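Fold and contact review
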Amino acid sequence: MKNAISWILVLFLTVSVLNNCLNNSVKKDIREKTAFMDKLRTLYSSGNSSKWPKPVLDPESLSTFSEIGHLPEISFPPENPYSAEKELLGKTLFFDPRLSKSEQIACASCHDPELGWCDNRTSSFGHNRQLGVRNAMSIINATYAKDLFWDGRVRSLEEQSQKPIEDQREMSGHMDLATGKIAGIKGYQILFEKAFGDKTVTKDRISKAIATFERTVRSSASKFDKFIDGKADLYTDDELMGLHLFRTKAQCMNCHNSGYFSNNTFENVGTSLLGEKGEDLGRYLITKNMGDAGKFRVPGLREVSRTGPYFHNGSMATLQEVIEFYSKGNPEYSQKRQTIHEGILLKSEKSGMVRMLELSGKEIEQIEAFLKTLSSKVERVTIPELPK
């Protein structure tokens, strides 16, 4: 009986000691985690990015890297300076379906301000309900893009504004015909006179006005902007950890950097589906450089929670899918890596920066939480009254 009691006492003491050790270990872990998060919060909200932890970057990304941060001020080209009158004219033209052949499709049909300045469709409907071949990119912050469209076929918003009007799948018009129609609308004369000094309507002026308006479509300050400026309590721990993962383990910074959250380059992430239905040669169609097969423009990530679906073909509906895609390094199928185009064998050479990351489910949630802080308050856009 005494032996049994002794053993019970020994067992009780052992359990007590182990439990105490376990509690101490848990408390230590909590203290260390809290201290780590407090340190990150202090550094990232300091208002000084030079104090931030060093980003994890691949050598090939160094030449195009710049730290994430605020958007710079809008810059207007000398040959097309800003004026409020020109912006109003451009905005009016942007919402006017009379630029299209059917007079039913406006620029705003695929770039709706209430839908993140895109249309949230895999691909857009155009003239005679034809489906486009690529996802419509949002025009928000397009002023910071060096090349426009997924394949970078134009280098200015002035040139870009003409392409949808003349595309047979989109507005199916012609700039000369569209110009004639606008010139024939008496109500536009005063708008052109205020914007350009006289009533003359030309396709060049139409392009410049639309481009001027598009340059003003810019994100306002987001939760991210306010946090890094010193409002440390704005971020939850998950959002904070998502920011840190974005810059380190997840290596998103290789391509999505600067205040625009894009390095303005073209990358192959293995989504071109060469040799399969939905094949898209991407940048190659513009440059004819074999190394550009399957490359597409790196989009900016501001407002990304509002501008899905994602990728050039709209193949992913949620941010979680996109992050999981990169976490797995996109295990591209070998049979989808080459095709013969116009007698030339082309191969998809996926970027070495797209590789297995092995992010945990929690880490994926945290990165998504951070990405959502890049969206700003939705501002109501007043639709202009169309001239008659």
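To be clear, the structure that these remarks concern was listed above.
Here goes a summary of the coordinates provided. Keep in mind the model is a prediction, meaning the values are calculated, not measured.

Here's the deal with the overall build of the protein chain
- Across its full length, the protein chain holds 13 helices and 4 strands.
- For the protein chain, the spread of C-alpha atoms along the principal axes amounts to about 110 × 50 × 40 Å.
- Evaluated residue by residue, the protein chain yields a buried proportion of 48% over its 388 residues.
- For the protein chain, the share of sequence-separated contacts (at least 6 apart) that also reach a separation of at least 24 residues comes to 72%.
- In the structure as shown, the protein chain presents an accessible area of about 20100 Å², 54% of it carried by carbon and sulfur atoms.
- In the protein chain, the 53 positive side-chain charges and the 50 negative ones have mean positions that sit 2 Å from each other.

Observations concerning the packing of helix α12 (residues 319-327) against helix α13 (residues 361-372)
- Contact pair α12 / α13: the axes reach a minimum separation of 10 Å and the direction vectors enclose 125°. Looking at the two axes, α12 sits oblique to α13. Relative to α13, α12 is oriented so that their crossing is right-handed. Seen from α12, the contacting residues are Leu-319, Gln-320, Ile-323 and Glu-324; seen from α13, they are Ile-364, Ile-367, Glu-368, Leu-371 and Lys-372.
- Across the contact of α12 with α13, the residue classes tally to 5 nonpolar, 1 polar and 3 charged.

Describing the nonpolar core
- Ile-68, Phe-224, Leu-243, Phe-246, Phe-261, Phe-370 and Leu-371 are the most contacted members of the largest nonpolar core, which has 35 residues in total.
- For this core, the elements supplying multiple residues, two or more each, are α1 (2-44), α9 (223-228), α10 (237-247), α12 and α13.
- Top contributing element to this core by residue count: α10, with 5 residues.
- Beyond its immediate chain neighbours, meaning those up to four positions away, Phe-224 contacts Ile-68, Gly-69, Tyr-235, Leu-243, Phe-261, Arg-302, Phe-370, Thr-373 and Leu-374.
- With 27 residues, the next largest nonpolar core counts Leu-93, Trp-117, Ile-165 and Phe-213 among its residues.

A word on the environment of Gly-126
- The residue Gly-126 is located in the loop between α3 (107-110) and α4 (157-160) in this model.
- In this structure Gly-126 comes out as buried when scored by relative accessible area, which is 10%.
- Between the C-alpha atom of Gly-126 and that of Lys-388, which follows or precedes it by 262 residues, the distance is 24 Å.
- Not counting residues up to four positions away in its chain, the partners in contact with Gly-126 are Ile-105, Arg-169 and Glu-170.

Examining unusual backbone geometry
- Omega for the peptide link from Gly-308 to Pro-309 comes to 0°, which places this bond in the cis form.
- By the element assignment, Pro-309 lies in the loop between β2 (296-297) and α12.
- Positive phi outside glycine occurs at Ser-172, with the angle close to 55°.
- Positionally, Ser-172 belongs in the loop between α5 (163-166) and α6 (175-183).
- Even without being a glycine, Asn-264 presents a positive backbone phi close to 55°.
- Mapped onto the fold, Asn-264 is located in the loop between α10 and β1 (266-267).

Topic: the environment of Gly-278
- Of note, Gly-278 is situated in the loop between β1 and α11 (284-287).
- Assessed through its relative accessible area of 49%, Gly-278 is described here as partly exposed.
- When the C-alpha atoms of Gly-278 and Glu-358 are compared, they prove to be 28 Å apart, with 80 residues separating the residues in sequence.
- If sequence neighbours within four positions are ignored, Gly-278 has contacts with Ser-272 and Leu-273.

Thoughts on the side chain of Ser-376
- With respect to the helices, strands and loops of the structure, Ser-376 is situated in the segment after α13.
- When its relative accessible area of 10% is taken as the criterion, Ser-376 is described as buried.
- A polar contact is formed between the side chain of Ser-376 and the side chain of Ser-220, at a distance of 3.4 Å.
- With near-sequence residues (within four places) excluded, Ser-376 lies in contact with Ser-219, Ser-220, Ala-221, Ser-222, Glu-303 and Arg-306.

A closer look at the packing of aromatic side chains
- Throughout the structure, instances matching the rule amount to 17 aromatic pairs.
- Plain terms: the ring middles of Phe-192 and Phe-196 are 6.2 Å apart, the flat faces sit at 25° to each other, and that makes the pair stacked. Residue Phe-192 and its partner Phe-196 are located together in helix α7 (residues 186-196), separated by 4 residues, close to a single helical turn.
- Residue Phe-196 is classed as partly exposed on the basis of its relative accessible area, which comes to 23%.
- Ring centres of Phe-224 and Phe-261 lie 5.5 Å apart, and the angle between their planes is 80°; this geometry places the pair in the edge-to-face category. In this pair, Phe-224 is assigned in helix α9 and Phe-261 in the loop between α10 and β1, connecting sequence segments 37 residues apart.
- A relative accessible area of 0% places Phe-224 in the buried class.
- Ring-pair connections join several aromatic residues into one group, and the members of that group are Phe-94, Phe-95, Trp-117 and Phe-213.

So, how was this worked out
- Residues numbered from 1 in each chain as written.
- Predicted model: local features only at pLDDT ≥ 70, side-chain atom pairs only at ≥ 80, totals over all residues.
- Heavy atoms only, no water.
- Helix = DSSP H or I, 4+ residues; strand = E, 2+ residues; numbered from the N terminus.
- Buried < 20%, exposed > 50% of the residue type's maximum accessible area, 1.4 Å probe, protein only.
- Contact = heavy atoms within 4.5 Å.
- Areas by Shrake-Rupley, 256 points an atom, 1.4 Å probe, with all protein chains shown as cover.
- Lys, Arg positive; Asp, Glu negative; His and termini not counted.
- Charge placed at Lys NZ, Arg CZ, Asp CG, Glu CD.
- Axes fitted to C-alpha atoms, helices over the stretch in contact; angles between N-to-C directions.
- Parallel < 35°, antiparallel > 145°, perpendicular 65-115°, else oblique.
- Left-handed = near helix turned anticlockwise from the far one by under 90°.
- Nonpolar A, V, L, I, M, F, W, Y, C, P; charged D, E, K, R; others polar.
- Core = buried A, V, L, I, M, F, W, Y, C linked by side-chain atoms within 4.5 Å.
- Polar contact = N/O pair within 3.5 Å; in protein donor to acceptor, adjacent residues only side chain to side chain.
- Phe/Tyr/Trp six-rings, centres within 6.5 Å; stacked < 30°, edge-to-face > 60°.

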